[in-house]
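Here is what each chain is made of, one letter per residue.
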Amino acid sequence: MRQKKGFWALNFGILYILPWLVGFILFKVYPFLSSLFYSFTNYDLFNGITKYGLMNYEKIFTDPDIIRAFVVTFKYAIFDVPLKLMFALFIAYILNFKLKGVNFFRTAYYIPSILGGSIAIAILWRAVFNTDGLINTVLGVFGIPAINWMAGDMSALMVIVLLRVWQFGSAMVIFLAALKGVSEDLYEAASIDGAGKWTQFFKITVPLITPVIFYNLVTQLCQAFQEFNGPFLVTKGGPNGATTLISMLIYNNAFLRHKMGMASAQAWILFLITMTMTVIAFVSQKKWVYYSDEDGR
């Protein structure tokens, strides 16, 4: 008869993933579940919990400042995601041609994605759009008076949108890989039939890379709703809250006002909104995403 082996002898592989498993529970699962609990309390970082209930969620849906922050976040995502995807696809399409020195340009266009999230770049971006910054200096050459980009609601929002759009490198690399997967035979056949470059792009290229467009859409949507560095460092949420995203309110409540309960509730609402938008994207993909037989569809 076969000897019975102990649990660890049969499951020795668990020992290899134990460090990751412990870290995942301590730094992912526990904060996730504890924040849900704290969202139903008035947990103060120094005074603890003195009240339980739905008061945080009631305030979120009735406070004009919080509602405005959610509206601004939606507005930011509406501008940021399409612009970034279109620009990344446009640059990827150009870099897909066999041009001289194309490898250098591929690297150069990817660099902003590495540097863009740093504090130094955000501060530099603010200096570029100052009244005496680079943008107004260039406009002055053409006789255009200086513009106070940080004073207008829409102009200030577009400043932080452009900062994010400028970091299109990651999406561009993924688009470039997808473009290289499109067979040249399809373009040759289309050219024989008299199709121009624009027709080939919209009738061949775009349909075949829709799975990648969908992937980039979901990832960029999630990043847009979590944006923090840009509005915090460049516009500081101004003017008059025009660029105050919900992530800034979460930060302010958690680390400036020490209201961890309210911050947790706002974070959960943000999580539910992001999840809802992702679900909508997944449901809608059935109508516009093309999966070839090679993908198993």
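Predicted, not measured: the structure shown is a model, and the values here were computed from it.

Rules and cut-offs
Residues numbered from 1 in each chain as written. Predicted model: local features only at pLDDT ≥ 70, side-chain atom pairs only at ≥ 80, totals over all residues. Heavy atoms only, no water. Helix = DSSP H or I, 4+ residues; strand = E, 2+ residues; numbered from the N terminus. Rg over C-alpha atoms; globule rule 2.2 N^0.38 Å. Buried < 20%, exposed > 50% of the residue type's maximum accessible area, 1.4 Å probe, protein only. Areas by Shrake-Rupley, 256 points an atom, 1.4 Å probe, with all protein chains shown as cover. Salt bridge = Lys/Arg side-chain N within 4 Å of Asp/Glu carboxyl O. Phe/Tyr/Trp six-rings, centres within 6.5 Å; stacked < 30°, edge-to-face > 60°. Axes fitted to C-alpha atoms, helices over the stretch in contact; angles between N-to-C directions. Parallel < 35°, antiparallel > 145°, perpendicular 65-115°, else oblique. Left-handed = near helix turned anticlockwise from the far one by under 90°. Contact = heavy atoms within 4.5 Å. Nonpolar A, V, L, I, M, F, W, Y, C, P; charged D, E, K, R; others polar. Core = buried A, V, L, I, M, F, W, Y, C linked by side-chain atoms within 4.5 Å. pLDDT = per-residue confidence, 0-100.

## Quick look at the overall build of the protein
Helix and strand content of the protein: 15 helices and 0 strands. Taken over the C-alpha trace, the protein has a radius of gyration of 24 Å; the compact-globule value for 297 residues is 19 Å, which it surpasses by more than 25%. In terms of overall dimensions, the protein has a C-alpha envelope of 85 × 75 × 35 Å along the principal axes. Across the 297 residues of the protein, 38% fall into the buried class. Surface summary for the protein: the accessible area is close to 18,200 Å², and the carbon and sulfur share equals 68%.

## What to know about the pattern of salt bridges
Under the criterion given, the structure shown has 1 salt bridge. Among the salt bridges present, the one from Glu 227 reaches Arg 164, with a minimum N-O distance of 3.2 Å. Here Glu 227 is found in the loop between helix H12 (210-225) and helix H13 (229-235), whereas its partner Arg 164 is found in helix H8 (residues 153-165), with 63 residues between them in sequence. Just as Glu 227 is buried, Arg 164 falls in that class too.

## Some thoughts on the packing of aromatic side chains
Enumeration over the complete set of coordinates arrives at 23 aromatic pairs. When the ring of Trp 198 is compared with that of Phe 202, the centres are 5.8 Å apart and the planes differ by 15 degrees; the resulting orientation is stacked. Linking Trp 198 with Phe 202, this pair stays in helix H11 (residues 197-208), spanning 4 residues, or about one helical turn. The exposed category is assigned to Trp 198, whose relative accessible area is 66%.

## Quick notes on unusual backbone geometry
Leave glycine aside and you will find that most residues have negative phi; peptide bonds, for their part, are mostly trans. Cis geometry is found at the peptide bond from Gly 238 to Pro 239, where omega equals -5 degrees. Its location among the elements puts Pro 239 in the loop between H13 and helix H14 (246-256). Positive phi outside glycine occurs at Lys 236, with the angle close to 55 degrees. Along the polypeptide, Lys 236 turns up in the loop between H13 and H14. Overall, Lys 236 belongs to the exposed group, its relative accessible area being 58%. A positive phi angle, close to 65 degrees, is found at His 258, a residue other than glycine. In this structure, His 258 sits in the loop between H14 and helix H15 (260-288).

## Thoughts on the packing of H12 against H15
Close contact between H12 and H15 brings their axes to 10 Å; oriented N to C, the two are set at 165 degrees. When the axis of H12 is compared with that of H15, the two are roughly antiparallel. For H12 against H15, the interelement crossing comes out right-handed. Contacts between H12 and H15 involve Thr 210, Ile 213, Phe 214, Leu 217, Val 218, Leu 221, Cys 222 and Phe 225 from the first element and Leu 270, Ile 273, Thr 274, Met 277, Thr 278, Ala 281, Phe 282, Gln 285 and Trp 288 from the second. When grouped by side-chain class, the residues that make up the contact of H12 with H15 number 13 nonpolar, 4 polar and no charged.

## Comments concerning the nonpolar core
Core analysis: the biggest nonpolar cluster contains 60 residues, and Phe 175, Ile 209 and Val 234 have the highest contact counts within it. The biggest single contributor to this core is helix H4 (residues 64-95), with 13 residues. In this structure, Ile 209 is in contact with Leu 89, Phe 175, Ala 178, Leu 179 and Val 182, ignoring residues within four places of it in sequence.

## Here's the deal with the environment of Pro 211
Its place among the elements puts Pro 211 in helix H12. As for Pro 211 and Tyr 290, which are separated by 79 residues in sequence, their C-alpha atoms are 6.7 Å apart. Ignoring any residue separated from it by four or fewer positions in sequence, one finds Pro 211 in contact with Val 289, Tyr 290 and Tyr 291.

## Digging into the environment of Gly 152
Its place among the elements puts Gly 152 in the loop between helix H7 (134-141) and H8. According to the relative accessible area criterion, Gly 152 is partly exposed, its value standing at 26%.

## Here we look at the side chain of Thr 278
For Thr 278, the location among the structural elements is in helix H15. For Thr 278, the residues in contact, after removing those within four places along its chain, are Val 218 and Cys 222.

## Brief notes about the confidence of the model for the protein
Per-chain confidence: the protein averages 88 in pLDDT, with 94% of residues scoring 70 or above. The lowest-confidence element of the protein is helix H1 (residues 7-10), averaging 63 in pLDDT; the highest-confidence one is helix H3 (residues 55-60), averaging 95.

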